[in-house]
Amino acid sequence: MARVSFDKKRALQPVAHPAAVSVEVFGTGDASVDGAPVAAAPGEEIQQAVLNHLQRLAISVGAPVRATVRDDRTGWVVPLEVATDGSSRTTGEPVRVPAPPGPGAATPTRTATAAPPAAAAAATAVRTEAAATAVRAGAGTATAVPARAVAAIPPEAVLAVSREAVAHTPARGFDAVAEEVLGDGPLTETAEGAELLTEPMTRINEAVRSGRLDAAAELADRTLAEATALLGTHHAEVLHLRELSAYIAYLGGDPVRAFRLSLDLARLRRQARDGEAAYGNVQSAATAWRAVRDPEEGLRLGRDLIDLWTDLSAEPGPAADDPRPLESARARMVRLSDRAARAARP
């Protein structure tokens, strides 16, 4: 059997792991990272700009970045870690700090107090338009959210993710792909896949981990084309590569392509009566869809997503057992309709 072959892979340069950085989110809506100002783009929330900055820093050093995030608007300090794929997790308990004293007032000694349950719950939930609210990974991991796809986070949420939502749910969708890319497990699913694809898959994963997303996308597309020619459109390895291509498109800021690849995969998996895999692809499509900022396009894509999701939920399987994400998607359609109506007003 012909072997998929590419140029000799380049060695990765070692990088230093950064110390924890200090993040300040000011009451004025501005922010700084280690004293350097961080500005939000037009229409972008400052929380998004901060997370974008931290992910770029992680990509530049090839390792997760830890940050201590102080949000003056909420009075909470949250220790946070952001990985190269944009996933984030808290690394400790959020604490409240007193508000700064007014002019002429005595400066009190700063004390940190444990967050009360209600505030802690708010501080450990990232509600974004770019990812589902629940973390869909195994304990200790977090939803993979690319920097360019992270959307606005309400002030009360600070910059954290829920640790309580991660229990007992198998990794699905882009979370599962991220675990494969960042892990050290098998790269392929079949014996013929191991023979043909181990070397190019290794190079693709290395490119993703090092932040070379354009190179990763090119390698993935080339590998997918050759694997399809050799193994056929519906082969498990080809479907696996399409999942990886969708994830790379998502990380690279092309959520529409990521959405379409994922939804096509979900249809194929449903036709093959693989409800578990189909639901994982639906979740990937939903994650990409939430990163689409244009409301009209979001509505068009959302209709296709919800039609398939509804059909899948009517059949026995994980989609039927997990109705809340579909309800959340329907609620987003209402919000998108409202945004589109406002945008159409003269």
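Worth saying up front: this structure is predicted, and the values here are computed from it rather than measured. (Residues numbered from 1 in each chain as written. Predicted model: local features only at pLDDT ≥ 70, side-chain atom pairs only at ≥ 80, totals over all residues. Heavy atoms only, no water.)

1. Quick look at empty space enclosed by the protein
- In total, this model carries four cavities of 30 Å³ or more according to the counting rule given.
- Roughly 60 Å³ of volume is contained in the second largest cavity.
- Lining the second largest cavity, in full, are V177, E180, V181, P186, L187, M201, N205, H240 and L244.
- Contributing elements (two or more residues each) for the lining of the second largest cavity: α3 (173-182), α4 (191-209) and α6 (236-251). (1 Å grid on protein atoms, 1.4 Å probe; cavity = no way out; pocket = protein on both sides within 12 Å on 5 of 7 lines; lining within 4 Å. Points joined across faces, edges and corners; volume = space filled by probe spheres on them. Helix = DSSP H or I, 4+ residues; strand = E, 2+ residues; numbered from the N terminus.)

2. Topic: the environment of V181
- Relative to the elements of secondary structure, V181 occurs in helix α3.
- Spatially, the C-alpha atom of V181 lies 7.4 Å from that of R209, the residues being 28 residues apart in sequence.
- Setting aside anything within four residues of it in sequence, one finds V181 in contact with N205, V208, R209, L244 and Y247. (Contact = heavy atoms within 4.5 Å.)

3. A few points about the confidence of the model for the chain
- Summary statistics for the chain give a mean pLDDT of 73 and a share of 72% for residues scoring 70 or more.
- Every residue in residues 1-17 is under pLDDT 50, and counting partners more than four places away or in other chains gives 33 contacts.
- Every residue in residues 101-168 is under pLDDT 50, and counting partners more than four places away or in other chains gives 163 contacts. (pLDDT = per-residue confidence, 0-100.)

4. Some remarks on the packing of aromatic side chains
- Within the structure shown, the criterion is met by three aromatic pairs.
- Ring centres of F174 and Y250 lie 4.8 Å apart, and the angle between their planes is 20 degrees; on these two criteria the pair is classed as stacked. Taken together, the residues F174 in helix α3 and Y250 in helix α6 connect sequence positions 76 residues apart.
- An angle of 55 degrees between the planes, with centres 6.5 Å apart, marks the rings of Y279 and W309 as tilted. (Phe/Tyr/Trp six-rings, centres within 6.5 Å; stacked < 30°, edge-to-face > 60°.)

5. Description of the nonpolar core
- Core analysis: the biggest nonpolar cluster contains 55 residues, and Y247, F259, V282, W289, L305 and W309 have the highest contact counts within it.
- Element by element, the count of residues in this core is highest for α6, at nine residues.
- Those residues in contact with V282 that lie beyond four places of it in its chain are A266, L305, L308, W309 and L312.
- The next biggest cluster of nonpolar side chains, apart from the first, holds 19 residues, and it includes V21, A49, V50 and A63. (Core = buried A, V, L, I, M, F, W, Y, C linked by side-chain atoms within 4.5 Å. Buried < 20%, exposed > 50% of the residue type's maximum accessible area, 1.4 Å probe, protein only.)

6. Brief notes about the packing of α4 against α6
- In contact at an axis separation of 12 Å, α4 and α6 are set at 5 degrees when each is read in the N-to-C sense. If you check the angle between α4 and α6, you find them roughly parallel. For the pair α4 and α6, contact is made by G193, L197, M201, I204, N205 and V208 and by E237, H240, L241, L244, I248 and L251, respectively.
- The class makeup of the residues in the contact of α4 with α6 is eight nonpolar, three polar and one charged. (Axes fitted to C-alpha atoms, helices over the stretch in contact; angles between N-to-C directions. Parallel < 35°, antiparallel > 145°, perpendicular 65-115°, else oblique. Nonpolar A, V, L, I, M, F, W, Y, C, P; charged D, E, K, R; others polar.)

7. Notes on the environment of L265
- For L265, the position within the fold is in helix α7 (residues 255-271).
- For L265, a relative accessible area of 0% translates into the label buried.
- On a C-alpha basis, the gap between L265 and R242 in space is 7.7 Å, while along the polypeptide they are 23 residues apart.
- L265 has contacts with L239, R242, E243 and N281, leaving out every residue within four places of it along the chain.

8. Considerations on the pattern of salt bridges
- Counting across every chain of the model gives six salt bridges.
- For E218, the salt bridge identified is with R222, shortest N-O distance 3.4 Å. With E218 and R222 both in helix α5 (residues 213-231) and four residues apart, the pair spans about one turn of that helix.
- Among the residues examined, R222 registers a relative accessible area of 33% and is labelled partly exposed.
- Across the pair D264 and R267 runs a salt bridge whose closest N-O atoms are separated by 3.1 Å. Within this pair, D264 and its partner R267 are both found in helix α7, separated by three residues, close to a single helical turn. (Salt bridge = Lys/Arg side-chain N within 4 Å of Asp/Glu carboxyl O.)

9. Thoughts on helix α11 (residues 324-344)
- Under the 1.5 Å per step criterion, the end-to-end length of α11 is 30 Å for 21 residues, consistent within 8% with the ideal 30 Å.
- Within α11 the residues assigned to the buried category are P325, L326, A329, R332, M333, L336 and A340. Along the long axis of α11, the arc covered by the buried residues comes to 115 degrees, so they all point the same way. Facing away from the buried side of α11 by more than 90 degrees, the exposed set consists of R324 and V334.
- The elements touched by buried residues of α11 are α8 (275-290) and α9 (295-313). (Expected span 1.5 Å × (residues − 1). Arc of directions from axis to C-beta.)

10. Considerations on the pairing of strand β5 (residues 76-82)
- Counting buried positions over the seven residues of β5 gives seven, a clear majority of the element.
- A two-sided burial pattern is seen for β5, the buried positions comprising W76, V78, L80 and V82 on one face and V77, P79 and E81 on the other.
- Note that strand β4 (residues 65-71) and β5 share seven bridges and pair antiparallel. Following the sheet pairing, V65 is matched in β5 by V82.
- Pairing of β5 with strand β7 (residues 95-96) involves two bridges; the strand directions are antiparallel. Bridging across to β7, V77 finds its partner in V95.
- Bridge count for β5 against strand β6 (residues 88-90) is three bridges, and the pairing is antiparallel. Opposite L80, over in β6, you have T90 as the bridge partner. (Pairing = 2+ DSSP bridges.)

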